[in-house]
Amino acid sequence: MRLLFLGPPGAGKGTQAKLVAERYGLIHVAPGDIFRQEVKKGSELGRLVEGIMARGELVPDEITVRVMEQALSAPEAMPGFVLDGFPRNLAQAVALDKMLAAIGQRLDKVISLEVGEDELIERARTRRVCLACGRPYNLRTNAPAVAGRCDVCGGELVQRQDDREETVRERLRVYNDVTRPLCEYYGSQGILVRIDGSKTVDEVFSRISELIAGTVRPGESDRP
Ligand code: AMP
């Protein structure tokens, strides 16, 4: 199974993509996570993307596509994957179609998580991630058992630099300009499903599980 999550920053793509990957034994592939790891390592790639990410801009397609080609051609990706944060524009979507066609594959479903902008800004303000394992939390809705510590590995919880309000507004602008049009792209392929992402993590996950079980037809929407 090959799934892709679309949605503005803070819509819950990372949380849901990780849950789906765990439940169905797929790998979770997120360029944002890969870039953050490289920044942490201080690699050449990390140094190249650090400033771009801090400003909320997109890393150039050439770099992103190369990183994703590597990730998706790994043996672990062969049984299937959940993509989170790629593609983010039309050129990347076309590059992904080509990558998959080259191995005789295609995406099965594209899940668009839909959340209003005020809620997204509030979520970013209260979002924390584990510095050690990357697990996301939310201080309002999904707080850790011990303040400031990851439930799973005990790592320190921090606010992502790009979750500051002015950066979030820039990321939303980028999303609306260049990523949102992908809903049409995948809609016209008949594989897009829109899901209301403003509900709780459990509610959204059970909706996605229903969809995966085939109970929601592509193109059908939760939203009025
Ligand atoms: P995310 O964790 O998905 O919110 O991504 C964090 C940052 O990584 C983004 O704001 C971009 O700077 C960069 N990034 C992630 N995915 C992509 C992509 N598909 N294309 C370009 N830049 C990306």
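Here the structure is shown first, and the text comes after it.
These numbers come from a predicted model, not from an experiment.

J.: Any details on the nonpolar core? Residues and values, ideally.
T.: For soluble globular proteins, the rule of thumb is that nonpolar side chains tend to be buried together. Residues Phe 81, Leu 83, Leu 96, Leu 107, Val 110 and Tyr 186 are the most contacted members of the largest nonpolar core, which totals 24 residues. When residues of this core are traced back to their parent elements, those giving at least two are β1 (2-6), α4 (61-72), β3 (81-84), α5 (90-102) and α8 (181-188). Element by element, the count of residues in this core is highest for α5, at five residues. The residues contacting Leu 96, other than those within four sequence positions of it, are Leu 72, Leu 83, Phe 86, Pro 87, Leu 107 and Tyr 186.

J.: Tell me about helix α1 (residues 13-24), and name the residues and values.
T.: Helix length check: α1, at 12 residues, gives a terminal C-alpha distance of 16 Å against a target of 16 Å (1.5 Å per residue), a fit within 8%. Residues of α1 that are buried include every one of Lys 13, Gln 16, Ala 17, Val 20 and Ala 21, and no others. Looking straight down α1, one finds that the buried residues subtend no more than 135° of arc, so they occupy a single side. Of the exposed residues in α1, those oriented more than 90 degrees away from the buried face are Glu 22 and Arg 23. Buried residues in α1 make contact with β1, β2 (27-29), β3, β4 (109-114) and α9 (201-212). Trailing α1 by a residue or two, Gly 25 shows a phi angle of about 65°, which is positive.

J.: With reference to specific residues and values, describe the environment of Ala 77.
T.: Counting through the fold element by element, Ala 77 comes out in the loop between α4 and β3. Sequence separation of Ala 77 and Gly 197 is 120 residues, and the distance between their C-alpha atoms is 26 Å.

J.: So, the side chain of Gln 16: which residues are in play, and what are the values?
T.: Note that Gln 16 resides in helix α1. Under the relative-accessibility criterion, Gln 16 is labelled buried at 3%. A distance of 3.1 Å separates a polar atom in the side chain of Gln 16 from the backbone oxygen of Val 201. In this view, Gln 16 contacts Phe 5, Leu 113, Val 201, Val 204, Phe 205 and Ile 208; residues no more than four positions away in its chain are not counted.

J.: So what's going on with the state of the cysteines? Residues and values would help.
T.: Going through the model one piece at a time under the given rule, you end up with zero disulfides. The thiol sulfur of Cys 130 is not disulfide-bonded, and the nearest other cysteine sulfur, from Cys 153, lies at 3.6 Å. Judged by its relative accessible area of 3%, Cys 130 falls in the buried class.

Definitions and cut-offs
Residues numbered from 1 in each chain as written. Predicted model: local features only at pLDDT ≥ 70, side-chain atom pairs only at ≥ 80, totals over all residues. Heavy atoms only, no water. Core = buried A, V, L, I, M, F, W, Y, C linked by side-chain atoms within 4.5 Å. Buried < 20%, exposed > 50% of the residue type's maximum accessible area, 1.4 Å probe, protein only. Helix = DSSP H or I, 4+ residues; strand = E, 2+ residues; numbered from the N terminus. Contact = heavy atoms within 4.5 Å. Expected span 1.5 Å × (residues − 1). Arc of directions from axis to C-beta. Polar contact = N/O pair within 3.5 Å; in protein donor to acceptor, adjacent residues only side chain to side chain. Disulfide = S-S within 2.5 Å.

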